[in-house]
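Observations on the model geometry
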Amino acid sequence: MSFSTLENRLDRCSINTAPLGHRLPIEQPLELIARAGFGYVAPWRKDMQGRTLSQVRRHLHDSGLKVNAYCRSTFIPSATRQAFDTAIADNRKAIEEAAELQAQCFILVVGGLPGDSRDLPAARAQVAEGLAMLLEHAKQHDVALALEPLHPMYAADRSCLSTLEQALDLCEALEPGSYRQLGVAVDVYHCWWDPRLHEQIHRAGAQNRILGLHLSDWLVPTRDLLLDRGMMGDGVIDLRGIRQQVETAGYDGAVEVEIFSRDNWWKRDETEVLQRCAERLQRCC
Ligand code: ZN
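Here we summarise the structure given alongside this text. Treat the numbers as computed from the prediction; the structure is a model and nothing was measured. (Residues numbered from 1 in each chain as written. Predicted model: local features only at pLDDT ≥ 70, side-chain atom pairs only at ≥ 80, totals over all residues. Heavy atoms only, no water.)

1. Points about the coordination of the zinc ion
At 2.0 to 2.2 Å from the zinc ion lie its protein donor atoms, namely Glu148 (OE), Asp187 (OD), His214 (ND1) and Glu258 (OE). Because the angles between the four donor atoms bound to the zinc ion fall within 86 to 152°, the donor set is best described as irregular. Read in sequence order, the donor residues for the zinc ion give the motif E-x38-D-x26-H-x43-E. Residue Glu148 is found in the loop between β5 (145–147) and α5 (164–174), and its partner His214 is found in strand β7 (residues 210–215); the two are separated by 66 residues along the sequence. Each of the two residues, Glu148 as well as His214, counts as buried. (Donors = N, O, S within 2.8 Å, 3.2 Å for Na, K, Ca; no water. Tetrahedral: all angles 85-135°; square planar, octahedral: opposite > 155°, others 65-115°. Helix = DSSP H or I, 4+ residues; strand = E, 2+ residues; numbered from the N terminus. Buried < 20%, exposed > 50% of the residue type's maximum accessible area, 1.4 Å probe, protein only.)

2. Some points on the pattern of salt bridges
In the structure shown here, the tally under the stated rule is 27 salt bridges. For Arg283, the salt bridge identified is with Glu279, shortest N-O distance 2.7 Å. With Arg283 and Glu279 both in helix α9 (residues 270–284) and four residues apart, the pair spans about one turn of that helix. Residues joined in a network through salt bridges with shared partners are Asp234, Arg268, Glu272, Arg276, Glu279, Arg280 and Arg283. (Salt bridge = Lys/Arg side-chain N within 4 Å of Asp/Glu carboxyl O.)

3. Brief notes about the environment of Met232
By secondary structure assignment, the location of Met232 is in the loop between β7 and α8 (239–248). You can call Met232 buried: its relative accessible area is 0%. Sequence-wise, Met232 and Tyr70 are 162 residues apart; in three dimensions their C-alpha atoms are separated by 22 Å. Excluding residues within four positions of it along the chain, Met232 makes contact with Leu215, Ser216, Asp217, Leu239, Val257, Ile259, Cys277, Arg280, Leu281, Cys284 and Cys285. (Contact = heavy atoms within 4.5 Å.)

4. Side note on the sheet that holds strand β4 (residues 106–108)
Taking strand neighbours across the sheet as the criterion, the eight strands line up as β3-β2-β1-β8-β7-β6-β5-β4 in an open arrangement whose pairing is parallel. The open sheet has two free edges, formed respectively by β3 (66–67) and β4, since each of these has just one partner strand. Lying on the sheet, α5 is in contact with β5 and β6 (182–187); it crosses β6 at an angle near 170°. (Pairing = 2+ DSSP bridges. Axes fitted to C-alpha atoms, helices over the stretch in contact; angles between N-to-C directions.)

5. Remarks on helix α2 (residues 53–63)
When we look at burial in α2, the residues that qualify are Leu53, Val56, Leu60 and Ser63. The buried side chains of α2 occupy one side of the element, clustering within an arc of 80° when seen end-on. The exposed set on the far side of α2, more than 90 degrees from its buried face, consists of His61 and Asp62. Residues of α2 that are buried make contact with α1 (27–35), β2 (40–42), β3 and α3 (81–100). Trailing α2 by a residue or two, Gly64 shows a phi angle of about 80°, which is positive. (Arc of directions from axis to C-beta.)

6. Quick word on the pairing of β6
With six of six residues buried, β6 is to be regarded as a mostly interior element. With three bridges joining them, β5 and β6 adopt parallel strand pairing. Paired with Ala146 across the two strands is Gly183, which belongs to β6. Chirality of the crossover, the property in question, places the unit of β5, α5 and β6 among those that are right-handed. Across four bridges, β6 lies against β7 in parallel orientation. Looking at β7, one finds that Val186 is bridged to Leu213. (Right-handed = clockwise from strand over helix to strand, strands pointing away.)

7. So, the packing of helix α7 (residues 197–206) against α8
Here α7 crosses α8 at 30°, and the two axes come no closer than 8 Å. Between α7 and α8, the interaxial angle falls into the category roughly parallel. When the axes of α7 and α8 are compared, the crossing they make is right-handed. Where α7 abuts α8, its residues Leu197, His198 and Ile201 lie against Ile242, Gln245 and Val246. A breakdown of the residues in the contact of α7 with α8 according to their chemical character gives four nonpolar, two polar and no charged. (Parallel < 35°, antiparallel > 145°, perpendicular 65-115°, else oblique. Left-handed = near helix turned anticlockwise from the far one by under 90°. Nonpolar A, V, L, I, M, F, W, Y, C, P; charged D, E, K, R; others polar.)

Quick look at the structure:
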C-alpha cells in the first residue's frame, strides 16, 4: 500500500545517525530522534565505539526506537586471500552485532576495486563468493542482508555493485526464488538516475526483496562526490514518486533519511537537522 504523503507518519520514518554527524555519544542522538517523533533509527558500527552492545540496546529500549538497519559492511574485494578472509570475519562479527541490536537488516556496501586492480569483474566475483559465505552466517543469526547498490561514481572505491538490477541478479543467483535472507536497500541518491529503476523496483517487490528505502537529495551542482548530499526537497530527485513506487511494490518498512553533508548539515545543531528532516519528509516525500 502506498501512502500519498508522509504527513503525520513520522512513526514510519527513520533517522540514520550519519545526518547528525556522529558528534554525540549514541545515547544522545537516540533521545533526540525519539523526541522529534521518529519511529526508527539506523545506527552505524562506529556509534558503538566505547559502548557495549547491551548498553546500546538498553538506550534503544529506553528511547522506544526500533532499529530498521545497521550500517554497514566492511568492503569485501581484497588484494590478498588473507585480507579477504579478514573482511569476511569482520562482516560476520557485524552480522552478530546486528542480531544483538535486533536490527531489521544489515546494510551491505560491498566495496570496489582492491589495491591497484583494474579488474572489475574479479571484484564482483569476490563479492559473490563473500556474500555466499555471509549468507550462511546471516541465516544462523536470523539477520536479513540488504545489498545497497551505489551510484557508479563509486565503482572504484566503494561499490562494484552500481544498479538495482545488478544487486537483484546477485540475490537471485545466491538465493533463487523469493526473499528469505537476502534483499536490497533502495537509496534514491544512488539510483534516481537509472532508466530501469521503476522496472527493477517492481522486480524487487515481486520477490519481496526490498529491505530499505533511503532518502536524501541530489544537489545541482554537487560539490563533493561523497559528502555533499542534499536535504530532501533541495535537489532534483522525484522523492515522492520513487517512495510511492517502492511502496506500491510492497515495501512497508521504514523510510530512512541518510544525508552525508560535511559543509552544511554536519555543521548544524542536531535538533535543527531533525526538525528540518521531519518537515521535509512530510512536505516533499
Ligand atoms: Zn543508503
